[in-house]
Amino acid sequence: MARWCYRHRLVVLVLWVGALFGLGAAGTSAGTDYSNVFSLPDTDSKRAYDLMTKAFPESSGDTDTVVWRVDEGASARDTDVRSRVEPALKEIAGMKGVGEVTSPYASKAAGAAQISGDGRIAYAQVTFAQEANSVPKELVQDVVDTAQRAERDGLQVELGGQAITRIQEPPTGIAEMVGIAAAAVVLFLAFGSLFAMVLPIVVAVFGVGLGMLSTMLLSHVTDIPEVAPLLGSLIGLGVGIDYALFIVTRHRRGILRGMEPEKSAVQALNTSGRAVLFAGGTVCIALAGMLVMNMRFLDGVVIAASLTVVLSVLAAITLLPSLLGLLGPRVLSRRQRRRLAATGPEPAEASGLAARWSSYVQKRPRSIAALALVVMAFLALPLLSLRLGATDQGNHQESTTTRQAYDMLAEGFGPGFNGPLQVVAEETDTGALVSTIRGTEGVARVAAAPPADGISVITVVPTTSPQSEETDRLIDRLRDDVIPEAGVEAHVGGVTAVFKDFAAVTGDRLPYFVGAIIALGFLLLLIAFRSLVVPLTAALMNLIAAAASFGVLVAVFQWGWGTEILGVGKEGPITAFLPVIMLSLLFGLSMDYQVFLVSRMHEEWVHTKDNARAVRVGLAETSRVINCAALIMICVFSAFVLSGDMEGAMAGIGLAAAVALDAFILRTALVPAAMHLLGRANWWLPAGLEKRLPHLAVEPREDPEAPLPVPHARVPEPHEAGGASVVHGFIRTAEGEPVEGATLTLLSKGGRQLDRVLSLADGSYIVAAPSPGAYLLAVTAPGYAARARHVVVADEPLVYDVELAVGEMDTVN
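Residues numbered from 1 in each chain as written. Predicted model: local features only at pLDDT ≥ 70, side-chain atom pairs only at ≥ 80, totals over all residues. Heavy atoms only, no water.

1. Focus on the pattern of salt bridges
Then comes step 1: Considering all chains together, one arrives at 14 salt bridges under this definition.
Then comes step 2: For arginine 3, the salt bridge goes to glutamate 262, with nearest N and O atoms at 3.8 Å. Here arginine 3, found in helix α1 (residues 2-7), pairs with glutamate 262, found in helix α11 (residues 261-288); they are 259 residues apart in sequence, far enough to count as distant.
Then comes step 3: Among the charged side chains, a salt-bridge network with shared partners connects Arg3, Arg7 and Glu262. (Salt bridge = Lys/Arg side-chain N within 4 Å of Asp/Glu carboxyl O. Helix = DSSP H or I, 4+ residues; strand = E, 2+ residues; numbered from the N terminus.)

2. A few points about the pairing of strand β4 (residues 155-160)
Then comes step 1: In terms of residue burial, β4 counts as a mostly covered element, since 5 of its 6 residues are buried.
Then comes step 2: Bridge count between strand β1 (residues 63-70) and β4: 6 bridges; the pairing is antiparallel. What sits directly across from tryptophan 68, in β4, is valine 157. (Buried < 20%, exposed > 50% of the residue type's maximum accessible area, 1.4 Å probe, protein only. Pairing = 2+ DSSP bridges.)

3. A few points about the sheet that holds strand β3 (residues 121-128)
Sheets are built from strands paired through backbone hydrogen bonds, the pairs being either parallel or antiparallel.
Then comes step 1: Read from one edge to the other, the open sheet built from 4 strands follows the order β2-β3-β1-β4, with strand pairing classed as antiparallel. Sheet topology places β2 (98-102) and β4 at the edges, where each strand pairs with a single neighbour. In this sheet, adjacent strand axes meet at a mean angle of 20 degrees when their direction is disregarded.
Then comes step 2: Relative to β3, β2 runs antiparallel, the two being bridged by 4 bridges. The residue of β3 that forms the bridge with valine 98 is phenylalanine 128.
Then comes step 3: Packing against the sheet, helix α4 (residues 79-93) makes contact with β1, β2, β3 and β4, and its axis sits at approximately 160 degrees to β2.
Then comes step 4: Packed onto the sheet, helix α6 (residues 137-148) meets β1, β2, β3 and β4 and runs at close to 165 degrees relative to β4. (Axes fitted to C-alpha atoms, helices over the stretch in contact; angles between N-to-C directions. Contact = heavy atoms within 4.5 Å.)

4. Considerations on the pairing of strand β12 (residues 725-733)
Then comes step 1: Of all 9 residues making up β12, 7 are buried, and the element is well covered by its neighbours.
Then comes step 2: Inspection of the sheet shows β12 paired to strand β15 (residues 764-769) by 6 bridges, in the antiparallel sense. Bridge assignment links valine 726 to a residue of β15, and that residue is alanine 768.
Then comes step 3: Where β12 and strand β18 (residues 798-799) come together, 2 bridges link them in parallel fashion. Paired with valine 727 across the bridge in β18 is leucine 798.
Then comes step 4: Strand direction decides the pairing type here: β12 and strand β19 (residues 802-804), joined by 3 bridges, are parallel. Directly across from isoleucine 731, in β19, lies its bridge partner valine 802.

5. Concerning helix α23 (residues 611-638)
Then comes step 1: Where α23 bends most, the angle comes to about 40 degrees, and this point is threonine 622.
Then comes step 2: With 23 of 28 residues buried, α23 is to be regarded as a mostly interior element.
Then comes step 3: Near the N-terminus of α23, the side chain that reaches the backbone nitrogen of alanine 612, with its oxygen 3.2 Å away, is that of aspartate 610. (Bend = angle between axes of the 7 residues up to and from the residue. Polar contact = N/O pair within 3.5 Å; in protein donor to acceptor, adjacent residues only side chain to side chain.)

6. Here we look at a nonpolar patch on the surface
Then comes step 1: Where nonpolar side chains cluster on the molecular surface, the patch consists of Val185, Phe188, Leu189, Leu194 and Val198 and spans about 480 Å² of accessible area.
Then comes step 2: Every element with two or more residues in the nonpolar patch is listed here: α8 (174-191) and α9 (194-218).
Then comes step 3: At 3 residues, α8 tops the list of elements feeding residues into the nonpolar patch.
Then comes step 4: Among the secondary structure elements, leucine 194 is positioned in helix α9. (Patch = residues over 30% accessible without salt bridge, like charges linked within 9 Å, V, L, I, M, F, W, Y side chains within 5 Å. Areas by Shrake-Rupley, 256 points an atom, 1.4 Å probe, with all protein chains shown as cover.)

7. Comments concerning the confidence of the model for the protein chain
Then comes step 1: Per-chain confidence: the protein chain averages 82 in pLDDT, with 90% of residues scoring 70 or above.
Then comes step 2: The model gives residues 702-709 a pLDDT under 50, and that stretch makes 5 contacts with residues more than four places away or in other chains.
Then comes step 3: Below pLDDT 50 for its whole length, residues 808-813 participates in 20 contacts with residues either more than four positions away or in separate chains. (pLDDT = per-residue confidence, 0-100.)

8. Focus on the packing of aromatic side chains
Then comes step 1: Applying the stated criterion across every chain yields a total of 8 aromatic pairs.
Then comes step 2: Measuring from ring centre to ring centre gives 6.0 Å for tryptophan 68 and tyrosine 105, while their planes differ by 35 degrees; the resulting arrangement is tilted. Within this pair, whereas tryptophan 68 is found in strand β1, its partner tyrosine 105 is found in the loop between β2 and α5 (108-114), the two being separated by 37 residues in sequence. Each member of the pair, tryptophan 68 as well as tyrosine 105, carries the same accessibility label: buried.
Then comes step 3: Seen in terms of ring centroids, tryptophan 605 and tryptophan 683 are 5.7 Å apart; in terms of plane orientation they differ by 15 degrees. Their pairing is stacked. Of the two residues, tryptophan 605 is situated in helix α22 (residues 578-608) and tryptophan 683 in the loop between α24 (646-678) and α25 (687-692); the sequence distance between them amounts to 78 residues. Across this residue pair, the class does not change: tryptophan 605 and tryptophan 683 are buried.
Then comes step 4: Feature note: the residues Tyr123, Phe413 and Phe417 constitute an aromatic cluster, connected by ring pairs. (Phe/Tyr/Trp six-rings, centres within 6.5 Å; stacked < 30°, edge-to-face > 60°.)

Set out below in structure tokens:
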């Protein structure tokens, strides 16, 4: 397929551009129909909401608040204040889509309740006919503009509520554009080529663009929450750029080592492309693990994110080869092309900082593993104080109208006013219940609305803020003690109660979710790498990365460390649904890095059966590209602090921290150190299990046209070698016995197989070297430890005898 896309590049490009513009036209004409379904079936808050919708259909929409405050010494009851505010409220009440406006000037009773004790702060409630996410933004903006036109010196007007929050978000796409710009800088520094820099970005933009447009259309046929496209673009940009980066890096390396562009592109797709397919599959499986939670809100997130990942993978394996075909050798920088023409192909062996670090890890695996574990454990400590809940307008930045309205209401009416509870009863006589609630600890005020259709609603204002643990305890007290003692069938609802139930259900189901995605990831790696230890190590590393990243999340968003610098508002609890989404993305991305790292190690292990060499070569050849990919993801994720969405900022910072810790500490230090310590046990798999497992190859199969190992017994004469040379000798045991049927493989410095033979009955062998130079001679035989030795071949044949031993570990010198 890679070769076809490369040769028919214009056709592939036209198909992708046509799909993008076609979906764009359809999405623009259809619009969006996102809906947040936070309530859960079989919860007390959901039953309360259903009763309220039945009894008060006109009041079941979103209720927002207009708040005004006058200067010291003045009163909201003053005639000049009323003459400015009251006409604005009447104009808002007449707008189409506004169900009701409750003004403090409508009656004395309402005025007493809606004006603070000192008379300086008052509020009016604006109830829309629909829920916040369904209210047109144009209507909300008209309400805000109308209310704030009443301002004058000494009179401040602010607005709060869910609908108001939607219109103060920054324009869509700012976070994505900043992330792409930062990724472009990293790619240019890594490649040194403008064309090579553009390739991963174009691939990611196509994948994310199609994913977002498809999500827009799907929102008309299923419940897709508003946060889903944001999270989809976040994960899509990250994996889209990274997947293309892995393939482009492999392609450029092939050209630099002397391959033709087409052959290099095909090989890159056949190696790194396979790993991309596998990695994308693991991300989708991790995302699908959210379905275990059985929450409708998360189902839409799974659809949006998985669809974007699938399209990003598809773009990487079809669109990217066509773009590589268009560029040809220009995927290299001009300097690289000039050097290639002047000095010829570069050596295949990895060198530089990555190779030196890999050798250092091999020499000191225990100290490196211990240091990495200490760092991760320290960062995970804040996780012990994790508290799930909901952010509200009190967490917004101080400059926003919603935050100022929130603070004004808390100042005038108490901290619990911003999160009232609704006790909904299927009774008309609730006098006893109201009296009991009024005397309950933690209750500031109680007000009962007139019954409708046999249903009564009692508004309960706590003495503490909506995010306080005391408010959670009050909800439990009402449900477990107060309502049962009153002998009334009633339910506690309201936004605060809904999010408390959401957090409780999330906490209860989270262990099943974590177990499901760990088990699925374990099975995938078990099948891919034919090992029990590699997937166990990956699962443990994923848990360590998750603990440390959530520790960072708690420190920033719950403890408030650095919130002012980041500009994300006031600290508060971690949003209840965020751990599920973050864990899905984190496990998927961690599995990506594990696949890219271990697949190269596994490839080397298959060829040499030398664990130390496999780990060293795998780390040396992949650590640079993994670190570069991680840096791009960190830039993309961190940019979502600019999204204006608290949940988006939390997910961005949490995932950026997770990727940084995973790539720079776990995959670069702890994983290779642990694999050095485990030795050959890394690749152990019981024989019985080996027979039963299906085969899923991450690495490409051996070339079917490559010659099979054949026995060599005769040393050719110099004139027969044709300018090449040979290595020959005998394979014997420590006791001097010949070993028949041993496989000898001669490899280049970069690991490319040059010759492969079997030893004869007397233990003799001969392998052909294409030219004088340094090579690796690997020897394997059933029942013996593998040997791998560096040999230097001159113009004359090299005599090299190998001694095999049973049960002995060996490393490359």
